[in-house]
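Coordinates in review
Listed here are the chains, written in short residue letters.
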Amino acid sequence: MFARTVAVVGTGYVGLTTGACLASLGHRVVCADIDEDKVAALSRGEITIREPGLADLVAEGVAAGRLSFVVGAAQALKELEGEGKPVEVLFLCVPTPMGVGGVADLSAVEAVVEEVRDAMPPGCVVVNKSTVPVGTADRTAELLARPDVQVASNPEFLREGSAVHDFLHPDRIVVGSNSSQDAAERVAALYARLGAPTVLTDAASAEMIKYAANCFLAMKLSYVNALAELCERVDADVSDVTEGMGYDRRIGQAFLSPGPGWGGSCLPKDTHALLQVADSADFEFRLVRASIDTNTRQFSRMVDKVRLAVTGSRNGSLTRVRLALFGLTFKAGTDDLRDSPALGVAALLRQAGADLVAYDPGVAVDSPAARTLDSHLLTLVGDPYEAAAGAEAVVVLTEWPEFRALDWARVAESTTGGTVVDTRNLLDPAVIRRAGLSWTGVGRPTTVAAAR
Ligand code: UGA
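Starting afresh in each chain, residues are numbered from 1 along the sequence in its written order. Under the rules for a predicted model, residues below a pLDDT of 70 receive no local features and side-chain atom pairs below 80 are neither given nor counted, while totals for whole chains, interfaces and linings still include all residues. In computing side-chain values, all of the structure's heavy atoms are included and hydrogens and water are not.

Quick look at the pattern of salt bridges now. Within this document, salt bridges are pairs made up of a side-chain nitrogen of Lys or Arg and a carboxyl oxygen of Asp or Glu, the two lying within 4 Å of each other. This model, assessed by the stated rule, comprises 24 salt bridges. E88 is the salt-bridge partner of R4, the closest N and O atoms lying 2.8 Å from each other. One end of the pair, R4, is in the segment before β1 (5–9); the other, E88, is in the loop between α4 (73–82) and β4 (89–92), and 84 residues separate them in sequence. Here D148 ties to R146 by a salt bridge, and the two come within 2.8 Å at their closest N and O atoms. Starting at the N terminus, helices and strands are each numbered in turn, a helix being any DSSP run of H or I of at least four residues and a strand any DSSP run of E of at least two.

Here it is, written out as structure tokens:
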């Protein structure tokens, strides 16, 4: 395979994974960031992102001389130039946070384009990898104002917690360009060794594919969460229903687990952004809006469940009721609390007057993530049994497998109320009942014999 020279601007989640993985595929990669301390730490092989396999890939890349870190995008170009192999592909992996009214804030993309505009060698390709609104590739080309430099969009589909695996075993590679087919092909060639199906298209379609995929996943989850509510009303078991649906290859088993709602740094942002795209195209995307509304409602539905389990009534009071929350992150395997449905549910429980003590295996009490938590909302402790002590109920909010392995008899001894509300259908109800606790899940009869 022909190794290419690549610059990656932004060493956040997407950028660092992209840089380290492309280096592992044999390319020469220089990653740039504006944060000097971060660049120094990365150059020493220290990474702060919790992602299996990433630290090893970074260390290997640095040791092999294929991966290096510099301060500033312009410096990345200089470094490659100095090696006699000017950059061929420059990836923009900078944050595009949701701004006012759901419009993505592109100031970081604009700043990098400004910085590299005059230093880009003719013939190279600038690639948007951050999730950006439809039309950003054209906007980037306009800002660059370099007809001899091509622009492409190459969305990523990595999941937190399995980003390295997802990068190296992609379901597909998508590259779109309005500049030329050749630009798209050159970007796709970086991934040739992975042997994945490749979609080459125009820039707007590539940008749309990213939103379309994430919003479809969000819609699938809202559908399942609504289905779980209906199952509760007609005494059906959503675990059996989704298993039965999932064998249909057109549906698939993945992404069919009901929960307290979907969250994280991507699905909420992207559903709102797609609505924004639709609004500005004068199109009312009712399905996406309904998926968001269903998700918001799911949080309060979880609170109703807790009320019912603790007080015996959907209208019962939770004032001064102590609750143990198991899990705060938006999903298991991460320390990411951004837009976590667990925190959404916690906020409503607190509003209802409950006192919350939380434990999360991914969030140590003195960690940076823990410091972002509001102490008026909840008290974080480092041990699940401590969280359960004196609680009326344990509310499982994140699907950490560790929770299955707890000594539930010990949890039962610590709690005062003896109730478990399992918003992820994570636990085996038979185990919980044997421990002397009552179990309530989502979309499953409370008398169900065993979790699947
Ligand atoms: C998501 C997409 O899955 C990735 O393909 C995409 O690349 C990424 O966004 C992105 O745009 O960068 P991620 O945010 O890491 O990945 O999280 P997911 O694994 O998709 O989970 C999202 C939410 O759905 C979580 O709150 C999770 O707990 C929930 N979920 C997921 C369920 O409630 N049930 C399920 O069956 C699956």
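That covers the picture; the talk isn't over yet.
Here the focus is the packing of helix α5 (residues 107–116) against helix α6 (residues 136–144). Lines fitted to C-alpha atoms define the axes, with helix axes restricted to the stretch in contact, and inter-axis angles between N-to-C directions lie between 0 and 180 degrees. One can describe the packing of α5 onto α6 by two numbers: an axis separation of 9 Å at closest approach and a directional angle of 35°. Of the two possible hands of crossing, α5 and α6 adopt the one that is right-handed. Listed contacts from α6 to V109, E110 and V113 of α5 are R139, T140, L143 and L144. Partitioned by chemical class, the residues of the contact of α5 with α6 number 4 nonpolar, 1 polar and 2 charged. Two helices crossing with the near one rotated counterclockwise from the far one by less than a right angle form a left-handed crossing, whereas a clockwise rotation gives a right-handed crossing. Note on contacts: a residue pair qualifies if any of its non-hydrogen atoms lie within 4.5 Å across the two residues. For this scheme, ten residues count as nonpolar: Ala, Val, Leu, Ile, Met, Phe, Trp, Tyr, Cys and Pro. Four count as charged, namely Asp, Glu, Lys and Arg, and the remainder, Gly too, count as polar.

Bringing the domain arrangement of the chain into the picture now. Domain segmentation is taken from an automatic or database assignment of domains. In terms of domain boundaries, the chain breaks down into domain 1 (5–198) and domain 2 (297–450). Every contact between the two is made by 4 residues of domain 1 and, on the other side, 9 residues of domain 2. Reported buried area values correspond to the accessible surface (1.4 Å probe) lost by two parts on association, with both partners' losses combined. Counting each side, the surface lost to burial between domain 1 and domain 2 is near 500 Å², with a carbon and sulfur contribution of 36%. Area buried by domain 1 at its contact with domain 2 is led by R50, E160 and G161, which between them contribute 90% of it. The salt bridge partner of R338 is E160, with a shortest N-O separation of 3.8 Å. Identification of polar contacts relies on pairs of N or O atoms within 3.5 Å, with a donor-acceptor requirement for protein atoms, meaning one able to donate a hydrogen and the other able to accept it, and with residues adjacent in sequence counted only if both atoms are side-chain atoms. Across the domain 1-domain 2 interface, the total number found is 2 residue pairs in polar contact (both at pLDDT 80 or more). Here the residues of the side of domain 1 that touches domain 2 are counted per class, giving no nonpolar, 1 polar and 3 charged.

For the rest of this paragraph, the subject is unusual backbone geometry. Its identity as a non-glycine residue notwithstanding, D235 has a phi of 60°, on the positive side. Looking at the element boundaries, D235 is found in the loop between α9 (203–233) and α10 (238–246). Residue R320 is not a glycine yet carries a positive backbone phi of 60°. Note that R320 resides in the loop between α12 (286–311) and β9 (322–326).

Two rings from Phe, Tyr or Trp (for Trp, the six-membered ring) form a pair when their centres are within 6.5 Å of each other. A pair whose planes differ by under 30 degrees is stacked, one over 60 is edge-to-face, and the rest are tilted. The final tally for this structure, using the stated rule, is 5 aromatic pairs. Ring geometry for F326 and W408: centres 5.9 Å apart, planes at 45°, overall tilted. Within this pair, whereas F326 is found in strand β9, its partner W408 is found in helix α16 (residues 408–414), the two being separated by 82 residues in sequence. For F326, a relative accessible area of 0% translates into the label buried. Two limits define a charge over a ring: the Lys NZ or Arg CZ must be within 6 Å of the ring centre, and within 35 degrees of the ring normal. Lying across the ring of F157, R172 places its NZ or CZ 3.5 Å from the centre. Over the ring of Y385 we find R410; its NZ or CZ atom is 3.8 Å from the centre of that ring. Burial status follows relative accessibility: with a 1.4 Å probe on protein chains alone, a residue under 20% of its type maximum counts as buried, one over 50% as exposed, and anything between as partly exposed.

Strands are labelled as partners when DSSP assigns at least two bridges between them. Sheet architecture is open: 8 strands sit in the order β3-β2-β1-β4-β5-β6-β7-β8, paired in mixed fashion. The sheet terminates laterally at β3 (67–71) and β8 (198–201), the two strands that pair on one side only. Within the sheet, the average angular offset between the axes of one strand and its neighbour, ignoring direction, is 25°. Sheet analysis places strand β6 (residues 150–153) next to strand β7 (residues 173–177), joined by 2 bridges and oriented antiparallel. Paired with S153 across the bridge in β7 is G176.

It suffices for a single heavy atom of a residue to lie within 4 Å of a molecule or strand for the residue to be listed as near it. Around the ligand sit 20 residues in total, of which L158, E160, K210, N214 and R424 are the nearest. Here an oxygen atom of the ligand sits 3.5 Å away from a polar atom, N or O, in the main chain of L256. Measuring from an oxygen atom of the ligand, one finds a side-chain N or O atom of K331 at 2.9 Å. Surface accessibility in these figures is a Shrake-Rupley result with a 1.4 Å probe; residues are shielded only by whichever protein chains are displayed. Across the complex, the protein chains shield 90% of the 710 Å² of accessible surface that the ligand would expose by itself. Of all elements in the fold, only α9 and α11 (267–280) reach the threshold of two or more residues within the shell around the ligand.

Side chains that are three or four residues apart share a direction in an α-helix, a result of its 3.6 residues per turn. Among the residues of α5, those classed as buried are V109, V112, V113 and V116. Buried residues along α5 cover an arc of 100° about the axis, so they all sit on one side. Tucked into the core, α5 has its buried residues touching β1, α4, β4, β5 (125–128) and α6. Working note: the arc is built from the helix axis to C-beta atom directions.

Within a regular strand, side chains alternate between the sheet's two faces. Burial along β6 is two-sided: Q150 and A152 facing one way and V151 and S153 facing the other are all buried. By the bridge criterion, 4 bridges tie β5 to β6 in an arrangement that is parallel. Paired with V126 across the two strands is V151, which belongs to β6. Regarding the hand of the β-α-β motif, the stretch spanning β5, α6 and β6 is right-handed. For the handedness criterion, the strands are oriented away from the viewer, and a crossover whose path from the first strand over the helix to the second runs clockwise is classed as right-handed.

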